[in-house]
Amino acid sequence: MEDMQNLSNLSGKTPEEIFRYLRTSPKGLSSQEASKRLKFFGPNRLLGEKKLAPFLVFLSKFRNPLLILLIVAAIVSGFLGSEINALIILIIVFGSTFIDFLNTYKSGRAAEALKERVNITASVWRNGEIKERRIQDIVPGDIFSLVAGDLVPADGVLFDGKDLFVNESILTGESLPKEKDIVSEENRIVYMGTSVVSGTGSVIAARTGSKARMGEIAGKLTKSPPPTEFEKNIKDFSLFIFKLAIFLVLVIIFLNIFFERKPPLEIFLFAVAIAVGLTPELLPMIITANLAKGALRMSEGGVIVKRLSAIHNFGSIDVFCTDKTGTLTEDKISLIKHVDGLGRDSSEVLFWGYLASINTTSVRGTLERAVEEVKNIPDIKNWEKVDEIPFDSERKRDSVVMRDGSKIALIAKGAPEEIFKISQFYGEEDSALNGDLLERIDDEYKSLSSDGFRVLGVAIKTVTKRGPVYSVADETGMTFLGFLAFLDPAKKTAKDTIQKMLAHNVDIKIITGDNRLVSEKIARDIGFEIKGVLDGPELQALDYPELRKKVETTNLFSRVVPEQKQIIIKALRENGHVVGYLGDGVNDALPLREADVGVSVNNAVDIAKDTADIILLHKGLSEIIEGVVEGRKTFANTFKYLMMALSSNFGNMFSMPIASLFVSFLPMTPSQILLNNFLYDGSQLAIPFDNVEESFLKRPKKFNLEFMKKFMFIFGPLSSCFDLLTFMVLLYGFDLIGSGFQTGWFLESIATQALVVGVIRNREGLLKTKPSKLLVAAVVGVVAFAWLLPYMSIGHLFDFIIAAPKVLISLASIVTLYLFAVQVAKKYFYRKYGYLIEAGKR
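Residues numbered from 1 in each chain as written. Predicted model: local features only at pLDDT ≥ 70, side-chain atom pairs only at ≥ 80, totals over all residues. Heavy atoms only, no water.

Asks: Hey, could you run me through the overall build of the protein chain in this one?
Replies: For the protein chain, the helix and strand inventory stands at 30 helices and 23 strands. The buried share of the protein chain, taken over its 842 residues, is 57%. Counting contacts in the protein chain only where the partners sit at least 6 residues apart, residues at least 24 apart contribute 74% of the total. Of the accessible surface of the protein chain, which amounts to about 35800 Å², a share of 58% is contributed by carbon and sulfur atoms. (Helix = DSSP H or I, 4+ residues; strand = E, 2+ residues; numbered from the N terminus. Buried < 20%, exposed > 50% of the residue type's maximum accessible area, 1.4 Å probe, protein only. Contact = heavy atoms within 4.5 Å. Areas by Shrake-Rupley, 256 points an atom, 1.4 Å probe, with all protein chains shown as cover.)

The following block contains the structure:
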């Protein structure tokens, strides 16, 4: 069966011979045979990111070298006689790691389930009937059909087709589509991952998965998608913290060895425990959980996230580019008028326009569908299709060649200005199309456009050439007949949605293939403030530096081609903007790939859905802004965890090595430090569920390492000041040493670390936005448990003792003063440095 995937074995064979060789038929395989082949050949997917088994995912959590050091040190300590302490350390390390794994794994599974909702399918014959099936289920011997807009799901041999043009640029770099036919050996092969521009075809699948030509390339070039800006900054932040932790370990060991105050193994365990406490080891889990929760909430609003990391970029968007159809309009296009060049009703224009539309095999656009839905359908039964010249974005038109007996007609329809260029005559009298007549017809076109109509021009000519193939060269000397005028009314909710986007500091730029007049009319109808208009030809005339200036002051681009859409987005990004783009057509793949966040819709063509990061179940701007807000929420809650790690947590871990130099005992034992870290982490598991203040959501934010460093160097020392105050009170105020001192410091440490989230979670007042009930329960529960530990039997395992009431009152007072000081410092800090995390123009 392995030989089935060797295309060279099919060379020179007729379709019938290929059917026999692959043991299939034009009606496809049986379900039983397809299942058998799927097991043998495997899923039809390219080599991508390998999914580890759950156990291996759990083991991967121990890649942190500090954790490995701690485990080794604990084992050595156990062999040297400290079995209880070693066991406690190992239980805490493995327990916290398991919680991290469990949350990360569950979040990842939830995200994968969402992706399944936007599977790309293909039309496949099975059991004698054709149905949409997942591309990954296609096997050698399957028969699949292709139409315009489809992604080719596997390498195969075309055995039936008509006017099939395929874009193979992903393999060859050639931008022009290539025609496929059943005659030429080379031209009858279609390849996985290429996209159908126009025409239809039936194909026998031969090579799937990694055996396909695209699979071979992917196998050589397999790599993860480039990291987002947020991911790169998180990596830099993690590296910074890791270096700081290593530095702290070395300093503690060196100073204690130098002063010979404590046993080397004890101080080593102490130093590594502090480094583990300093390291935000839950950061990957918090990020994944935040993204997964955000993706789930977005899915409830009809927004499906294909790539989780795109959510942060989604929240950072400050410019969103879109066509107007379906986002600013109702996407309910109707053919309202069919008139001649001077505005008079014309059944002839409807006849030829209908005949051309019904026989077009390019992507079925909304205008073609509107023509086909007219009530009084013209009688075209005597006409048969001869050939087609497919649409392309340069010509902005398509043509079909039709025959009725001995009469052959070439019918062209498309952008009126392009139809004018190939027309030499007008009307039944074949009047010369120039001068005053052309001007009057152009005025009618502009009048229709100004009234909000989308307009197609229609032209015909009688063809004397009898050849089976026609080309663009035949689109000359035509007779212009008139216009088809369509209306797509402005969406009633568009005005409010635009205002909401502007309120969240997201600028909208309309990029459309329609002409300026109709675009301006729709913009006025929805209350869209036009700041500048640029047409495709005007755009083409600009050099790139000038273009970068123009895109800042222009928010309506008309009559643009796909390549220009990509250039506009590229210029905006190079100007420092985070750009989103919504597209659902074949020609939207390039701009979708260029944007920071590509957005498509569930009923889009396959190539658009495959390229996009985000899929909308319902096309509209209201879904976009809801997704943007959700992206900002995930950023905000991730941000809270980082700020907690850099404030009281950093301060506490920094204070202990200082204190260790002035007392003969450890300020906290390694097991107490790890317990503190374990409980602290537990209090943060509810952060992804927390509420976010409205003011934080109004502007896009960005991760700024400089901001983080400034935060740490202000709030870390502030925390250390209160830790040292605790040190003085316990040591000199109450004469506590050993277990008494350690218990007191543990209680103060866990309280400041956990409770500070209530202060720093808002930029403004403490209760400006109330915390979620889950977060309150987690934080209060952890602090209450920690303060009750000395009264429990388990507390003795950690050498805790019951503190006197006056000690507890003093500690509670210190914690309260600390939280008040953080509130005061927070206001100062955001006034001075808050701008560093404001995104938008970089």
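Asks: Even after reading the chapter, I still don't get helix 27 (residues 738-755), so can you show me in this structure?
Replies: The end-to-end C-alpha distance of helix 27 is 26 Å, a good match for the 26 Å that 18 residues give at a rise of 1.5 Å each. Extensive coverage of helix 27 is indicated by the burial of 16 of its 18 residues. (Expected span 1.5 Å × (residues − 1).)

Asks: Would you mind going over the packing of helix 26 (residues 705-733) against helix 30 (residues 805-833) with me for this structure?
Replies: Two measures define how a pair of helices packs: the angle their axes make with one another and the distance between the axes. At a closest axis distance of 10 Å, the pairing of helix 26 and helix 30 adopts a crossing angle of 160 degrees. When the interaxial angle is binned, helix 26 and helix 30 end up roughly antiparallel. The chirality of how helix 26 crosses helix 30 is right-handed. Its residues assigned to classes, the contact of helix 26 with helix 30 shows 20 nonpolar, three polar and two charged. (Axes fitted to C-alpha atoms, helices over the stretch in contact; angles between N-to-C directions. Parallel < 35°, antiparallel > 145°, perpendicular 65-115°, else oblique. Left-handed = near helix turned anticlockwise from the far one by under 90°. Nonpolar A, V, L, I, M, F, W, Y, C, P; charged D, E, K, R; others polar.)

Asks: Just checking my understanding: could you explain the sheet that holds strand 18 (residues 507-511) for this structure?
Replies: A sheet is described by the order of its strands in space; here eight strands give the open sequence 8-23-22-21-9-18-20-19, paired in mixed fashion. Looking along the sheet, the strands with just one partner apiece sit at the ends: strand 8 (303-305) and strand 19 (533-535). When the angles between neighbouring strand axes are averaged without regard to direction, this sheet yields 20 degrees. Examined bridge by bridge, strand 9 (residues 319-322) and strand 21 (residues 579-582) share four bridges and lie parallel to one another. Among the inter-strand pairings, V319 is bridged to a residue of strand 21, identified as V579. Contacting strand 19 and strand 20 (556-558), helix 17 (residues 516-525) runs over the sheet at an angle of about 150 degrees to strand 20. (Pairing = 2+ DSSP bridges.)

Asks: How should a nonpolar patch on the surface be read in this particular structure?
Replies: A grouping of F654, I658, F662 and L724 is seen on the molecular surface, where their side chains present a nonpolar patch of about 350 Å² in accessible area. Secondary-structure assignment places I658 in helix 23 (residues 621-660). (Patch = residues over 30% accessible without salt bridge, like charges linked within 9 Å, V, L, I, M, F, W, Y side chains within 5 Å. Salt bridge = Lys/Arg side-chain N within 4 Å of Asp/Glu carboxyl O.)

Asks: Even after reading the chapter, I still don't get the pattern of salt bridges, so can you show me in this structure?
Replies: Pairing is possible between side chains that carry opposite charge, provided their charged atoms lie close to one another. For the structure on display, the rule yields 31 salt bridges. In this structure, E475 engages R395 in a salt bridge whose closest nitrogen and oxygen atoms are separated by 2.8 Å. With a gap of 80 residues between them, E475 in the loop between strand 16 (454-462) and strand 17 (478-487) and R395 in the loop between strand 11 (384-392) and strand 12 (397-404) connect regions that are remote in the sequence. On the accessibility criterion, R395 (8% relative accessible area) is buried. Residue R559 is joined to E417 by a salt bridge in which the shortest nitrogen-to-oxygen separation is 2.4 Å.

Asks: Teacher, can you tell me more about unusual backbone geometry here?
Replies: Of all residues except glycine, most have a negative phi; of all peptide bonds, most are trans. Of note in the backbone geometry, N505 takes a positive phi value of approximately 55 degrees without being a glycine. Among the secondary structure elements, N505 is positioned in the loop between helix 16 (494-503) and strand 18. Judged by its relative accessible area of 28%, N505 is partly exposed. Notably, D799 is not glycine yet its phi reads approximately 65 degrees, a positive angle.

Asks: I would appreciate a short explanation of the pairing of strand 16 in the present structure.
Replies: In terms of residue burial, strand 16 counts as a mostly covered element, since seven of its nine residues are buried. Inspection of the sheet shows strand 16 paired to strand 17 by seven bridges, in the antiparallel sense. Of the residues in strand 17, the one forming a bridge with R454 is F486.

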